[in-house]
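Chains, contacts and geometry: an overview
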Amino acid sequence: MTAKTIPVDPFDLVVFGATGDLAERKLIPALYQRQRAGQFSEPTRIFGASRSRLDDEAYRAFARQAIADHVPADQVEADQVERFVARLGYVPVDASAGTGFDALAAAIGDSAAVRAFYLAVAPGLYGAIAERLAAHRLVAPTSRIVVEKPIGRSLESACALNDAIGRVFDEHRIFRIDHYLGKETVQNLMALRFANALFEPLWNSAHVDHVQITVAEAVGLEGRADYYDTAGALRDMVQNHILQLLCLVAMEAPSSLDADELRDEKLKVLRALTPIDGGNAARLTVRGQYRAGASAGGAVKGYAQELENGASDTETFVALKAEIANWRWAGVPFYLRTGKRLASRVSEIVIQFKPIPHSIFGEAAGPVYANQLVIRLQPDEGVKQWIMIKDPGPGGMRLRHMPLDMSFADSFNVRNPDAYERLVMDVVRGNQTLFMRRDEVEAAWRWIDPILAAWEDNGQTVQGYTAGTWGPSASIALIERDGRTWHESV
Ligand code: BG6
């Protein structure tokens, strides 16, 4: 089965930070895949802009290499690669010094195509770039700006960044990427909830015991110490990706998929999160940091040993018990956890339903387990609905806990596109449904800031965990204190 490709209007995309990691690993491969899928209309152009003194040809060589390194070999088709790189141009631009913008304006010329500026650069440059684009009359009425996280490291800094961008671009022209929203399985969460009548009547505190959201990574720092050591897992993963997942699980049904309808509902969830602060942080949060251990079969260093100065109190793991104070979810804990150098790479959402109110089966039938819906976001994307069934055979009534198992790889024989493919095309289409609105980002920080402050004020230091395990023992205690256990993700 092949997914249908609907072409987008011609566009000019300018990628600032064109030789950086994001452009190389994600944007160029994603754009190449859209070329290959036949989604571009003519004339579509892509301009790289960064401080490196390259020319068009050198940038095309960079892109060819990025495709060779980051696209699976069986998807690298020489003629498509050449058609793709022919769209590329390059302009040296120094955003801090403000040089190169005239040359960029000249390169773009008088085009009436959709224009998008993708800022794959440090957030400290967002304001300066936006201003310079305006000063050089590069911002046309159809222009859009795309920014990546981290959008600030606190509510205050996020507001300052949003203000700086907002001085030049209206909110409906600002596309704040949370790449988790572009993942197929994350969108599938909406399909599961709102394209089926089955789940919604049960999706509340009367029937759900608790929810777990796990985003576990096997990788460590990956050479990002400068950023990561000043951020930590709470800012890096919870403020954005995990809270977005929580919103999609917990929100009311929007009346349509219209961007603002959906984002209004997510915002209500963020605003309803019960505050975690100095009074309860020690009970509701766990901070961890990986120590030396084994991961992916090999010995790995501890986090602190990977740093130049060999010491740090930055968390590489966090577990939280969150609650949403509204009618639907009152009393239903949402256990959230994420970490680096954990036992395996797995992201999943578990909806644990309440047990049956009364069993008609005798002891010989065995235990009756409560139903569980497991939505596996990555890898091995799929949905498992655990139910009780009768063990087949004449041996009397014995019960078994079995999954109705839908693996997307088995059910659909299509390539799972990278989140960036969908998101960049949505920018061109002007569809903001899968992008974060300003008030959402700020509401998320409003909940995160007091946790960070509590950790600091209470001196809640990191607890060590061996690389290749599921995090500090305190994370297990966090959920087991409530008589529950983390879902075995393996
Ligand atoms: C990024 C974080 O936003 O998401 C990284 O900054 C993390 O630290 C990454 O590794 C995880 O994304 P994915 O798509 O690999 O789950």
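Not measured: the values here are computed from a predicted model. (Residues numbered from 1 in each chain as written. Predicted model: local features only at pLDDT ≥ 70, side-chain atom pairs only at ≥ 80, totals over all residues. Heavy atoms only, no water.)

A closer look at the site of the ligand
Counted only if it meets this: Residues are counted as near a molecule or strand when any one of their heavy atoms sits within 4 Å of it. Each polar contact in these results corresponds to two N or O atoms within 3.5 Å; when the atoms are within protein, one needs to be able to donate a hydrogen and the other to accept it, and residues that are neighboring in sequence are counted only if both atoms are side-chain atoms. Areas reported as accessible are Shrake-Rupley estimates using a 1.4 Å probe. Residue values count occlusion only from the protein chains shown. By the criteria applied, helices consist of DSSP H or I runs no shorter than four residues and strands consist of E runs no shorter than two, each listed in order from the N terminus. Gly is placed with the polar residues, together with every amino acid not listed as nonpolar (Ala, Val, Leu, Ile, Met, Phe, Trp, Tyr, Cys and Pro) or charged (Asp, Glu, Lys and Arg).
All residues in the neighbourhood of the ligand are listed as Lys 149, His 179, Tyr 180, Lys 183, Glu 217, Arg 224, Asp 236, Met 237, His 241, Lys 340, Arg 345 and Gln 378. At 2.4 Å, a side-chain N or O of Tyr 180 approaches an oxygen atom of the ligand. When isolated, the ligand has an accessible area of 400 Å², and the protein chains bury 83% of it. Per-element tally for the shell around the ligand: the top contributor is helix α9 (residues 233–250), with 3 residues. Here the shell around the ligand is built from residues that sort into 2 nonpolar, 3 polar and 7 charged.

Topic: the nonpolar core
Under the convention used in this document: In plain words, nonpolar cores are sets of buried Ala, Val, Leu, Ile, Met, Phe, Trp, Tyr and Cys residues tied together by side-chain atoms within 4.5 Å. Only protein chains enter the accessibility calculation, which uses a 1.4 Å probe; a residue whose area is less than 20% of its type maximum is buried, one above 50% is exposed, and one in between is partly exposed.
By size, the foremost hydrophobic cluster in this structure holds 146 residues, and its most contacted members are Phe 16, Phe 84, Tyr 118, Phe 334 and Ile 349. Ranked by residue count, the leading element in this core is α9, at 12 residues.

Digging into the packing of helix α1 (residues 21–36) against helix α2 (residues 56–70)
To be explicit about the condition: Every angle, taken between N-to-C directions, lies between 0 and 180 degrees, and every axis is a line fitted to C-alpha atoms, over only the stretch in contact when it is a helix. Roughly parallel here means an angle under 35 degrees, roughly antiparallel means over 145, roughly perpendicular means 65 to 115, and every remaining angle is called oblique. The criterion used for residue contact is that any of the two residues' heavy atoms lie within 4.5 Å.
The interhelical angle for the contact between α1 and α2, taken along N-to-C directions, is 90 degrees, at an axis separation of 9 Å. Judged by the inter-axis angle, α1 sits roughly perpendicular to α2. On α2, the residues touching Glu 24, Arg 25, Ile 28, Pro 29 and Tyr 32 of α1 are Tyr 59, Phe 62, Ala 63, Ala 66, Ile 67, Asp 69 and His 70. Looking at the contact of α1 with α2, its residues break down into 8 nonpolar, 1 polar and 3 charged.

A short note on the state of the cysteines
The following threshold applies: Here, two cysteine sulfur atoms that lie within 2.5 Å of each other are counted as a disulfide.
Scanning all chains against the criterion turns up 0 disulfides. Cys 159 forms no disulfide, and the closest cysteine sulfur to it belongs to Cys 247, at a distance of 17 Å.

Side note on helix α10 (residues 259–272)
Counted only if it meets this: Expected span, for any helix, means 1.5 Å times one less than how many residues it has.
With 14 residues, α10 ought to run about 20 Å at 1.5 Å a step, and its terminal C-alpha atoms sit 20 Å apart, in line with that. Among all positions of α10, only Ala 259, Leu 262, Arg 263, Glu 265, Lys 266, Leu 267, Val 269, Leu 270 and Ala 272 are buried. On its buried side, α10 packs onto α7 (184–194), α9, β17 (435–436) and α15 (438–458). The N-cap residue of α10 is Asp 258: its side-chain oxygen and the backbone nitrogen of Asp 260 are 3.0 Å apart.

A closer look at the sheet that holds β17
Filter applied, for reference: Criterion used throughout: strands pair if DSSP finds at least two bridges between them.
Taking strand neighbours across the sheet as the criterion, the 7 strands line up as β3-β2-β1-β4-β5-β6-β17 in an open arrangement whose pairing is mixed. Of all the strands in the sheet, just β3 (88–92) and β17 have a single pairing partner and so form its edges. Across the sheet, α2 is in contact with β2 (45–50) and β3; its angle to β3 comes to roughly 120 degrees.

Regarding empty space enclosed by the protein
Under the convention used in this document: Residues are called lining when one of their atoms sits within 4 Å of a cavity or pocket point, these points coming from a 1 Å grid over the protein atoms alone, where a cavity is a set in which a 1.4 Å probe fits but cannot get out and a pocket is an open set with protein on both sides within 12 Å along at least five of seven lines. Grid points are joined across faces, edges and corners, and a volume is the space filled by probe spheres set on the points.
In the structure shown here, the tally under the stated rule is 3 cavities of 30 Å³ or more. Estimated volume of the largest cavity: approximately 60 Å³. If you go around the largest cavity, the residues you meet are Val 15, Ala 23, Leu 27, Ile 28, Leu 31, Ile 46, Phe 47, Gly 48, Tyr 59, Phe 84 and Leu 88. Of all the secondary structure elements, the ones that give two or more residues to the lining of the largest cavity are α1 and β2. Examining the composition of the lining of the largest cavity, we find that 4 residues originate from one element, α1, more than from any other. Classifying every residue of the lining of the largest cavity by side-chain character gives 10 nonpolar, 1 polar and no charged. Reported here for the second largest cavity is a volume of approximately 40 Å³. Forming the walls of the second largest cavity are Ile 151, Gln 239, Asn 240, Met 436, Val 441 and Ala 444. Here the residues of the lining of the second largest cavity are counted per class, giving 4 nonpolar, 2 polar and no charged.

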